[in-house]
Amino acid sequence: MQNNYKLIHIIPNLFTAASAFLGFISIIASINGKFTHALIYIILSLICDGLDGRVARLTKTTSKFGVEFDSLADLVAFGVAPAVLFYTSIGYEYGKLGSLISGLFVVFGAIRLARFNVTTGTYEPSVFIGLPIPTAAVVSAIWTYAYISYGFLKDYALFVLCLNFVLSLLMVSNIRYPSFKKMNLDKTNVLRVLILLIMFLSLLYLYTLESILIAVSLYVCYGIFRAVWAIISRKFM
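Residues numbered from 1 in each chain as written. Predicted model: local features only at pLDDT ≥ 70, side-chain atom pairs only at ≥ 80, totals over all residues. Heavy atoms only, no water.

A.B. asks: I'm lost on the UniProt feature "transmembrane region" (unreviewed entry) in the protein in this one. Help?
C.D. replies: Mapped onto this structure's residue numbering, the UniProt feature "transmembrane region" (unreviewed entry) falls at residues 7-29, 35-51, 72-90, 96-114, 126-150, 156-177, 189-206 and 212-232. Helix makes up 100% of residues 35-51 and strand 0%, whereas the separation of the span's terminal C-alpha atoms amounts to 25 Å. End C-alpha to end C-alpha, residues 212-232 measures 30 Å, and it is 100% helix and 0% strand. (UniProt positions renumbered as here; feature names shortened; annotations may be inferred. Helix = DSSP H or I, 4+ residues; strand = E, 2+ residues; numbered from the N terminus.)

This is the structure in structure tokens:
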């Protein structure tokens, strides 16, 4: 019985370890110029990161060790990996500026993770304070890969550079982003959500890169527009 108990505690941490390992493999792929593989490894790492917490909650094996391990894994997979992908494909062209922005992404990502750990439970669970680092990583990696893949974006390297800087700032901002972990749906809205999900998955099947790019970009913009709207509303009320 005791052995089974210990094994259950190991399972969530295996997903966390897999996430960190995939992040490291993504870094190696970026260094070797295999940017498609680097992006895929980051996305796979994101899946593992999503599973470790859910498995821990389902098996009731959440622990302080697991929380700290998850943060360290996230820094590798969603801080260092996308920063290296950006730098090796675009950032190096801008010399010290490219190095600075790549480094800020990692440093601000670490601050975001530390702040999340110490403030969890002090605000409503339906929102994130600041852009979550996995989201920032996916946005950075997808836009970087889009720049590499589409010829018409070759003149917009500066946009991707500025985007990574903005993502770094958003991670340490107080802008609130919706969390879907504890989202409760009314029975009347279940069908609508199901239809929307089917439509999105259909687009994902037809236009994988473009669909992910649009979805994550809209999420980032939503938080910014929401914050701006709140400021304007307070000003004119």
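A.B. asks: Please explain a nonpolar patch on the surface as it appears in this structure.
C.D. replies: Together, Leu191, Leu194, Ile195, Leu196, Ile198 and Met199 make up an exposed nonpolar region whose accessible area comes to about 610 Å². As for its placement among the helices and strands, leucine 194 is situated in helix α7 (residues 187-206). According to the relative accessible area criterion, leucine 194 is partly exposed, its value standing at 45%. (Patch = residues over 30% accessible without salt bridge, like charges linked within 9 Å, V, L, I, M, F, W, Y side chains within 5 Å. Areas by Shrake-Rupley, 256 points an atom, 1.4 Å probe, with all protein chains shown as cover. Salt bridge = Lys/Arg side-chain N within 4 Å of Asp/Glu carboxyl O. Buried < 20%, exposed > 50% of the residue type's maximum accessible area, 1.4 Å probe, protein only.)

A.B. asks: How should helix α5 (residues 133-149) be read in this particular structure?
C.D. replies: Counting along an α-helix, one turn takes 3.6 residues, and residues three or four places apart therefore face a common direction. The first and last C-alpha atoms of α5 sit 24 Å apart over 17 residues, in line with the 24 Å expected at 1.5 Å per residue. In terms of burial, α5 is a largely internal element, 15 of the 17 residues being buried. (Expected span 1.5 Å × (residues − 1).)

A.B. asks: For this particular structure, what's the right way to read the side chain of serine 26?
C.D. replies: Note that serine 26 resides in helix α1 (residues 2-31). Leave out the neighbours within four places in its chain, and serine 26 touches Ala38, Tyr41, Ile42 and Ala81. (Contact = heavy atoms within 4.5 Å.)

A.B. asks: Honestly, the packing of aromatic side chains in this entry has me stumped. Any pointers?
C.D. replies: For any pair of aromatic rings, the description consists of the separation of the ring centres together with the inter-plane angle of the planes. Considering all chains together, one arrives at 4 aromatic pairs under this definition. Measuring from centroid to centroid gives 5.1 Å for tryptophan 143 and phenylalanine 159, while their planes differ by 70°, and the two rings are edge-to-face. Highlighted residues: tryptophan 143 in helix α5 and phenylalanine 159 in helix α6 (residues 157-171), separated in sequence by 16 residues. The aromatic ring of tyrosine 147 is capped on one face by lysine 154, whose charged end is 4.9 Å from the ring centroid. (Phe/Tyr/Trp six-rings, centres within 6.5 Å; stacked < 30°, edge-to-face > 60°. Lys NZ or Arg CZ within 6 Å of the ring centre and 35° of its normal.)

A.B. asks: Help me understand helix α4 (residues 96-119), please; the structure alone is not making it clear to me.
C.D. replies: The terminal C-alpha atoms of α4, which comprises 24 residues, lie 34 Å apart, in line with the 34 Å expected from a rise of 1.5 Å per residue. When we look at burial in α4, the residues that qualify are Gly98, Ile101, Ser102, Phe105, Phe108, Gly109, Arg112 and Leu113. Contact partners of the buried residues in α4: α3 (64-89), β1 (127-129), α5 and α6.

A.B. asks: Please clarify how the pattern of salt bridges should be interpreted in this entry.
C.D. replies: Side chains that differ in charge, positive against negative, can pair when their charged atoms come close. Applying the stated rule across the entire model yields 1 salt bridge. Between glutamate 68 and lysine 64 there is a salt bridge whose closest N-O contact spans 3.9 Å. One end of the pair is glutamate 68 and the other is lysine 64, both in helix α3 and 4 residues apart, which spans about a single turn. Overall, glutamate 68 belongs to the partly exposed group, its relative accessible area being 36%. When its relative accessible area of 65% is taken as the criterion, lysine 64 is described as exposed.

A.B. asks: Explain the side chain of asparagine 13 to me, please; I cannot follow it from the model alone.
C.D. replies: With respect to the helices, strands and loops of the structure, asparagine 13 is situated in helix α1. Those residues within four positions of asparagine 13 in sequence are excluded, and the remaining contacts are Phe65, Gly66 and Phe69.

A.B. asks: Hey, could you run me through the packing of α3 against α4 in this one?
C.D. replies: The geometry of a pair of packed helices is captured by two quantities: the angle between their axes and the separation between those axes. Two elements in contact, α3 and α4, have axes whose closest approach is 9 Å; the angle formed by their N-to-C orientations is 160°. As summarised for this structure, α3 and α4 are arranged roughly antiparallel, according to the angle between their axes. With respect to the hand of their crossing, α3 and α4 are arranged in right-handed fashion. On α4, the residues that touch Val67, Glu68, Ser71, Asp74, Leu75, Phe78, Gly79, Val80, Pro82, Ala83, Phe86 and Tyr87 of α3 are Gly98, Ser99, Ile101, Ser102, Phe105, Val106, Gly109, Ala110, Leu113 and Asn117. (Axes fitted to C-alpha atoms, helices over the stretch in contact; angles between N-to-C directions. Parallel < 35°, antiparallel > 145°, perpendicular 65-115°, else oblique. Left-handed = near helix turned anticlockwise from the far one by under 90°.)

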